[in-house]
Amino acid sequence: MGKILIAAAYGAFVVFLIRFLAYWLIWRKTVTVMRLGKTAQTVRPSVKAFALTVMDVTFFGRLLMVNPVLWVGEWVFHVSFLLVLLRHLRLFLNPVPSCIWWVQTPGLIAGYFLPFSLAYILLVRLLSKRERYASPANVFLLALVLVISSLGVVMHGLFKPNLVDVKLFVLGILSFTPASLPESTLFAIHFSLVLVLIPLLPTHIFFAPIVMMEARKREQALHLVMHEK
Amino acid sequence: MKNKRSFTQELLPQQILEIGACTQCGECLKHCPVQDVTGNPSVSPPEKIRMFREFISSTEGLKSRIFGSRDVDQKLLDDFTRAVYECTTCGACGQNCPVGIFTQRLWPALRKEMVKHGLGPIGVQANMPKAIMHSGNPYDKPASERYRPWFPERVKVVDRSEIAYYAGCTGAYEAEPMVRGDVLVLDAIGEPFTMLPPEEEVCCGFPLFITGQHDQLQDLITRLVQGYEARGVKVLICSCPCCVNIMTRDWPLFYRKPLPFTIRHITQYVSDAISAGKLRFRKELRETVIYHDPCYLSRGVGVIEEPRNVLRSIPGLTLLEFERHGPNSRCCGSGGAARKVFHENAIAMGRLTIDEAVAKKADRLILSCPACYAKVNESMMGHKNQIRITDIMELTSSMIESDWP
């Protein structure tokens, strides 16, 4: 079982890397073409447009404007997810940098918020009469992260695996010197589901900041289309 | 049908990023007029983007680069083509997109891709290039009938002027009270204006642009620009939002240099004339009216305040707003040439506009787009709710003098 999971981990990582690389190449090519296409008439981003874009990326400002009910869940989910990821880095790094130790407590709290935020998003998406559409791929991803994060909470609170074994197993994969799988069925399921998640991560979303910046520039310039400066 | 050709050749770089950046969140569906009347998520913006991503993946994805392009599933192509042409291209989805995708420009670009693949346009939209080639307008009506039925005899048009008026095909053939109002108001302002002869005032190109059929655009636009330039025009006035949109955003691209004149929507010109005291209202209107923002005027080019300024200047008039107004306005159903094929959708959308205006207890529904004017009037036929529909310049012209023929 351990060997299968180790092989699957390499496979998942390679698939993720290829997808990420493919999107990065599209991104780079597109940005280059956009730069070459710039003319004297091209609207330069104002400080306001830049600031609004930062708000859009970090606080999901656009979502807040159109759906505050969903925004609460989405923002808590993404912040919690980030903190939980940072907390998990203690299992991937040796020695562990002090900044990673600092996020252990916030990451732990976020770990409890994460499944609740996901359950909230799924409830809003699937049960609210206002919502007209739920992408099957998105629902699957959210449900997957819900199961993974719930297992994490259960492991932390009730059936804690041996963290030394977990760290040796993870570092073994990273250093290509495989170690044995920790003796915890919950950990095996948790880890397997993460391997399913990794290739499905929506890497194309990294395009969003440029699109958001273009949108803010466009909105700022709309008034100038038919009005004097 | 084999379709291995790239699906991104007609797209701008930022549009390729936009297709990638869609999170499929579905917020746009709440603002989509097609969803309002069909409730069919398979023709929704995120589904269109999901399908188009599959086309790109099949022809340009990593797997296709290594193992060669795959044929795109024909049913998926057909479903996408229908969905992208059922859209009214109003852009409300993009206005409310949490990522900020500029859908008012993206959908026409995707339509252009489908035309290049031999899949679009659909239905009678395909007849437009031939009609425009034959008679200069998409309705295939004779040029001799372009001005004659509605142009007031008392209004004088000069040969050369710095100000020109473009009536537009839909206004001239489908919304005569509107264009008649336009020229009456221009005449009342008193600045001499010119117009191209009817056989020279050809289609602005918008119906072709919006359906993805770009072949004739450069020729049409060049003819029009050169025609106005030869008359010494410095300001071109037009009341049709679709014409105004393509004139400001795309004419310079097809003309391949900056236009020798500026474009003004008629409400901008009239609003300025009222402010400058060149136009005075002689009558009072004790009515409550509601103004509908055309998508291509408000979201498209940001002309939002001027129509309201004109209406608020009419003595006695009370102005109401739709729930969704300004850049958030709801499509009346006539956008994107979809009305030519999906007629029932367009009628149902028009009725939603009428119903809201009636529910708000407006005495009159004010429009400022010939396509809206024609379609909302048509939508009212046989409908339980009835309201008086008036174009903004039709109303303005009736308020400035009382003894016109």
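Throughout what follows, the structure given in this document is the object of discussion. (Residues numbered from 1 in each chain as written. Chains lettered and ligands numbered in written order. Predicted model: local features only at pLDDT ≥ 70, side-chain atom pairs only at ≥ 80, totals over all residues. Heavy atoms only, no water.)

Before going further, it helps to examine the overall build of chain B. When its secondary structure is counted, chain B shows 20 helices and seven strands. The C-alpha atoms of chain B give a radius of gyration of 22 Å, which matches the 22 Å a tight globule of 405 residues would have. Judged by the C-alpha coordinates and their principal axes, chain B covers about 75 × 50 × 35 Å. By residue count, 64% of the 405 residues in chain B fall in the buried class. For chain B, the share of sequence-separated contacts (at least 6 apart) that also reach a separation of at least 24 residues comes to 80%. For chain B, the computed accessible surface area is about 15,000 Å², with 50% contributed by carbon and sulfur atoms. Side-chain charges of chain B comprise 50 positive and 47 negative groups, with the mean position of each set lying 3 Å from the other. (Helix = DSSP H or I, 4+ residues; strand = E, 2+ residues; numbered from the N terminus. Rg over C-alpha atoms; globule rule 2.2 N^0.38 Å. Buried < 20%, exposed > 50% of the residue type's maximum accessible area, 1.4 Å probe, protein only. Contact = heavy atoms within 4.5 Å. Areas by Shrake-Rupley, 256 points an atom, 1.4 Å probe, with all protein chains shown as cover. Lys, Arg positive; Asp, Glu negative; His and termini not counted. Charge placed at Lys NZ, Arg CZ, Asp CG, Glu CD.)

So, about the overall build of chain A. Looking only at helices and strands, chain A has 10 helices and zero strands in total. Projecting the C-alpha coordinates of chain A onto the three principal axes gives extents of approximately 70 × 40 × 35 Å. Here chain A, with 229 residues, has 38% of them falling under the buried criterion. Intrachain contacts of chain A at a sequence separation of at least 6 include 74% that bridge at least 24 residues. Total accessible area on chain A stands at roughly 13,600 Å², and carbon and sulfur atoms take up 75% of it.

This part covers a nonpolar patch on the surface. Together, A:Phe20, A:Leu21, A:Trp24, A:Leu25, A:Trp27 and A:Phe206 make up an exposed nonpolar region whose accessible area comes to about 570 Å². Positionally, A:Leu21 belongs in helix H1 (residues 2-36). (Patch = residues over 30% accessible without salt bridge, like charges linked within 9 Å, V, L, I, M, F, W, Y side chains within 5 Å. Salt bridge = Lys/Arg side-chain N within 4 Å of Asp/Glu carboxyl O.)

In this section: the interface of chain A and chain B. Taken together, the contact between chain A and chain B spans 32 residues of the former and 45 residues of the latter. Both sides of the chain A and chain B interface together cover about 3,200 Å² of buried area, and 63% of this is carbon and sulfur. The three residues of chain A that bury the most area against chain B are A:Arg132, A:Tyr133 and A:Met226, which together make up 26% of that side's buried surface. Here chain A and chain B share two salt bridges between them. (Buried area = accessible area lost by both parts, 1.4 Å probe.)

Moving on, we come to helix H8 (residues 163-174) of chain A. All names here are of chain A. Here H8 spans 16 Å end to end across 12 residues, near enough to the 16 Å set by a 1.5 Å rise per residue. The set of residues buried in H8 consists of Val 166, Lys 167, Phe 169, Val 170, Gly 172 and Ile 173. For H8, the capping residue at the N-terminal end is Asn 162, with a side-chain oxygen 2.9 Å from the backbone nitrogen of Val 164. A positive phi of about 55° marks Phe 176, the residue just after H8. (Expected span 1.5 Å × (residues − 1). Polar contact = N/O pair within 3.5 Å; in protein donor to acceptor, adjacent residues only side chain to side chain.)

Residues and elements named next belong to chain B. Packing of helix H18 (residues 343-359) against helix H19 (residues 370-380) brings their axes to within 8 Å, and their N-to-C directions diverge by 85°. Classified by the angle their axes make, H18 and H19 are roughly perpendicular. For the pair H18 and H19, contact is made by His 343, Ala 346, Ile 347, Gly 350, Arg 351 and Ile 354 and by Lys 375, Val 376, Glu 378, Ser 379 and Met 380, respectively. Of the residues assigned to the contact of H18 with H19, the class counts are five nonpolar, three polar and three charged. (Axes fitted to C-alpha atoms, helices over the stretch in contact; angles between N-to-C directions. Parallel < 35°, antiparallel > 145°, perpendicular 65-115°, else oblique. Nonpolar A, V, L, I, M, F, W, Y, C, P; charged D, E, K, R; others polar.)

Below, the discussion takes up helix H13 (residues 241-249) of chain B. H13(B) sits mainly inside the fold: eight of its nine residues count as buried. Every buried residue belonging to H13(B) is among B:Pro241, B:Cys242, B:Cys243, B:Val244, B:Asn245, B:Ile246, B:Met247 and B:Thr248, and all of these are buried.

Next up on the list: the sheet that holds strand E6 (residues 364-367) of chain B. Hydrogen bonding along the main chain pairs the strands of a sheet, whether they run parallel or antiparallel. Residue and element names in this part refer to chain B. With parallel pairing, four strands are arranged side by side in an open sheet as E5-E4-E6-E7. Across the chains shown, the open sheet's two edge strands, defined by having one partner strand only, are strand E5 (318-321) and strand E7 (388-391). With direction set aside, neighbouring strand axes in the sheet form an average angle of 35°. Direction of pairing for strand E4 (residues 288-291) relative to E5: parallel, over a ladder of four bridges. Bridging from a neighbouring strand, Tyr 291 pairs with Glu 321 of E5. (Pairing = 2+ DSSP bridges.)

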